[in-house]
Amino acid sequence: MLSEPLSLELLILNLIKNGFEEADLNSKTNPILKVSISEDDDRYCLEVENSGKEMTDKDIERIVTLGESVKPEGLGLGLSIIRGIADQFGADIKFKRRNGGGVIADVFFTKYEEEVRSKNV
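For every chain, the first residue of the written sequence is number 1, and numbering continues from 1 along that sequence. With the structure being a predicted model, the display of local features is reserved for residues of pLDDT at least 70 and the display and counting of side-chain atom pairs for 80 or more, all residues being used for whole-chain, interface and lining totals. Calculated side-chain values reflect all of the structure's heavy atoms, with hydrogen atoms and water omitted.

### Points about the side chain of S27
Secondary structure elements are taken from DSSP: a helix is a run of H or I of four residues or more, a strand is a run of E of two residues or more, and numbering for both begins at the N terminus. When you line up the elements, S27 lands in the loop between α1 (5-26) and β1 (33-39). A simple rule labels every residue: compare its accessible area, found with a 1.4 Å probe on the protein chains alone, to the largest value its type can have, and call it buried under 20%, exposed over 50%, or partly exposed in between. The exposure class assigned to S27 is buried, which follows from its relative accessible area of 13%. Setting aside chain neighbours within four positions, we find S27 in contact with E22, S51 and G52. In this analysis, two residues are considered to be in contact whenever any of their non-hydrogen atoms come within 4.5 Å of each other.

Given below as structure tokens:
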């Protein structure tokens, strides 16, 4: 399903903004924010990694299952926006703890059938 580019930009900027804020707030001496894009045969992966606070299993579960913010002042609206846009693109989002503190967010976009076919020709 095609979606408008502005939606995709909003998803990416939201992940980067949240990642930067967490890294800056919780890793003052050496904040880390990494953004990478990779692909395999049938999908693309956008990965955003930050050096935020040490996450517990409960924190990750709140993000994954409930879409709740783990920030004390957070409303979880950013996560709701990200999930809604990902749904528009038919994308899957996975969150996991990062060694040393922080979160890794992976967004998986399925390639269009035409892209997969042209690559295999």
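### Considerations on the packing of aromatic side chains
The rule is short: rings of Phe, Tyr and Trp, with Trp giving its six-membered ring, pair when the centres are within 6.5 Å, and they are stacked under 30 degrees, edge-to-face over 60, tilted in between. Taken as a whole, this structure holds 1 aromatic pair when the rule is applied. With a centroid separation of 5.9 Å and 85 degrees between ring planes, the pair formed by F89 and F109 is classed as edge-to-face. Residue F89 is located in helix α3 (residues 77-89), and its partner F109 is located in strand β4 (residues 103-110); the two are separated by 20 residues in the primary sequence. Criterion for a charge above a ring: Arg CZ or Lys NZ at most 6 Å from the ring centre, at most 35 degrees from the ring normal. Sitting above the plane of the Y44 ring, K111 keeps its charged end 5.0 Å from the centroid.

### Details of the side chain of N14
Locating N14 in the fold gives a position in helix α1. Under the relative-accessibility criterion, N14 is labelled buried at 13%. Excluding residues within four positions of it along the chain, N14 makes contact with G78, I81 and I82.

### Brief notes about the environment of R83
As for its position among the elements, R83 is in helix α3. Relative accessible area serves as the criterion here: at 22%, R83 is assigned to the partly exposed category. Through-space distance from the C-alpha of R83 to that of I93 is 7.5 Å; in sequence the pair is 10 residues apart.

### Side note on α1
Each helix should span, by expectation, one fewer than its residue count multiplied by 1.5 Å. Taking 1.5 Å of rise per residue, 22 residues should cover 32 Å, and α1 covers 32 Å from first to last C-alpha, within 8% of that figure. Buried within α1 are the following residues: S7, L11, N14, L15, G19, E22 and A23. End-on, the buried residues of α1 take up no more than an arc of 150 degrees, which puts them together on one face. Those residues of α1 that are exposed and angled more than 90 degrees off the buried face are P5, L6 and L25. Arc definition: directions from the helix axis to the C-beta atoms.

### Side note on the pattern of salt bridges
Salt bridge, as used here, is a side-chain nitrogen of Lys or Arg placed within 4 Å of a carboxyl oxygen of Asp or Glu. Per the counting criterion, the structure on display carries 6 salt bridges. Between E21 and K17 there is a salt bridge, and its shortest N-O distance comes to 2.9 Å. A residue pair is termed a helical-turn pair when its members lie 3 or 4 positions apart in one helix, as E21 and K17 do in helix α1 at 4 residues. On the accessibility criterion, E21 (32% relative accessible area) is partly exposed. Residue K17 is classed as partly exposed on the basis of its relative accessible area of 47%. Between E39 and K111 there is a salt bridge whose closest N-O contact spans 2.4 Å. Here K111 lies in the loop between β4 and α4 (113-120) and E39 lies in strand β1, a separation of 72 residues in the sequence. Its relative accessible area of 47% is what places E39 among the partly exposed residues.

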